[in-house]
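The chain contents come next:
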Amino acid sequence: MRRGIRHHIGSALLRFLVWSAAVMTLSVLGLLVAYILWKGVPNLQPRLFAWEYASENVSMMPALVNTLTLTSAALALAVPLSVGAAVYLVEYARRGSRMVHVIRLAAETLAGIPSIVYGLFGYLMFSRTLEVGYSMAAGILTVSIMVLPTILRTTEEALLSVPDAYREGSFGLGAGRLRTIWHVVLPSAVPGIAAGIIVAVGRIVGETAALIFTAGTAAQLAGLTSSGRTLAVHMYALWNEGLHMEEAYAAGVVLLLLVMGINAAAGAAARRYSGRKG
């Protein structure tokens, strides 16, 4: 009887702590979003979306285009490599091997390295050694390396969560390993893979330190060989100058909406792909 009462009290206490943590997290997130919208929305003006940056308009449009370009190119490099590596580790490599353990340890270590270290590496490797200078190409290569461990680990965990019964059933029907992976395993793991890609997108879009060292801070529409700032770097530059605080808040609103839009699009694409393959 006493054990049942203690169990009931403990369950109620844990439920209270979980709900309290959830309410606090959502409250902080809601206050943060509300503050950004309150400070930034009134400062959104048409001149901020001019195609060319000038000291008179402080346009964020070049930075917005650079952000979309850099994010798309970095994902195009990082996603195939990381997903392919995760598929090999889970489906082809011998489970429990030393190589798999070393790769997982290295990926977890690289995922926790501060972004400024990646920026210094990108500056020394791409900007100086390969002599590409401050350019979008250096920034793309740097952030693709930066997010690759995150996508690899989340993809690996998503593949490991797929029951072995799915694979055994596919093998029993005569399907080969590659067909099983493509038509059975990957569609079941798409939600987990998409979650890792969404985390990577958030890190790329909000990155400043690594891109200041590699892509530079030029306020212009940039090609692969020219310097250009992303929206986060643009916001940082305006805030650091202290001359255009209202425009910095407006850039924060656009950055917030951009991240939310990309996440929503990635989630919708993952659900559609998973449903079609299923």
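(A) The confidence of the model for the protein, seen in detail. Across the protein, pLDDT averages 85, with 95% of residues at or above 70. Looking at the elements of the protein, mean pLDDT is at its lowest for helix α10 (residues 245–277), recorded as 78, and at its highest for helix α5 (residues 136–160), recorded as 91.

(B) Quick look at the nonpolar core. In this structure, Met60, Leu70, Val143, Val147, Leu159, Ile204 and Leu231 are the most contacted members of the largest nonpolar core, which totals 44 residues. If you list the elements that add at least two residues to this core, you get α2 (61–92), α5, α7 (177–205), α9 (231–241) and α10. For this core, the element with the highest residue contribution is α2, accounting for 12 residues. Residues contacting Met60, with those up to four places away along its chain left out, are Leu48, Phe49, Leu231, His234, Ala250, Ala251 and Val254.

(C) Geometry of the pattern of salt bridges. Taken as a whole, this structure holds seven salt bridges when the rule is applied. The salt bridge involving Arg153 is made with Glu157; its shortest N-O contact spans 3.2 Å. Highlighted residues: Arg153 and Glu157, both in helix α5, separated by four residues, approximately one helical turn. Close ionic contact of Arg167 with Asp164 constitutes a salt bridge, the shortest N to O distance being 3.1 Å. Of the two residues, Arg167 and Asp164 are both situated in helix α6 (residues 164–172); the distance of three residues between them amounts to about one turn of the helix. Here the salt bridges do not stand alone but share partners, grouping Arg104, Glu108, Arg153, Glu156 and Glu157 into one network.

(D) Seen up close, the packing of helix α3 (residues 98–111) against α5. Contact geometry for α3 and α5: axes closest at 8 Å, N-to-C directions at 130°. As far as their axial angle goes, α5 and α3 are oblique. When the axes of α3 and α5 are compared, the crossing they make is left-handed. Of the residues in α5, those touching α3 at Arg104, Ala107, Glu108, Leu110 and Ala111 are Pro149, Thr150, Leu152, Arg153, Glu156 and Leu160. Grouping the constituent residues of the contact of α3 with α5 by class yields six nonpolar, one polar and four charged.

Cut-offs used in this document
Residues numbered from 1 in each chain as written. Predicted model: local features only at pLDDT ≥ 70, side-chain atom pairs only at ≥ 80, totals over all residues. Heavy atoms only, no water. pLDDT = per-residue confidence, 0-100. Helix = DSSP H or I, 4+ residues; strand = E, 2+ residues; numbered from the N terminus. Core = buried A, V, L, I, M, F, W, Y, C linked by side-chain atoms within 4.5 Å. Buried < 20%, exposed > 50% of the residue type's maximum accessible area, 1.4 Å probe, protein only. Contact = heavy atoms within 4.5 Å. Salt bridge = Lys/Arg side-chain N within 4 Å of Asp/Glu carboxyl O. Axes fitted to C-alpha atoms, helices over the stretch in contact; angles between N-to-C directions. Parallel < 35°, antiparallel > 145°, perpendicular 65-115°, else oblique. Left-handed = near helix turned anticlockwise from the far one by under 90°. Nonpolar A, V, L, I, M, F, W, Y, C, P; charged D, E, K, R; others polar.

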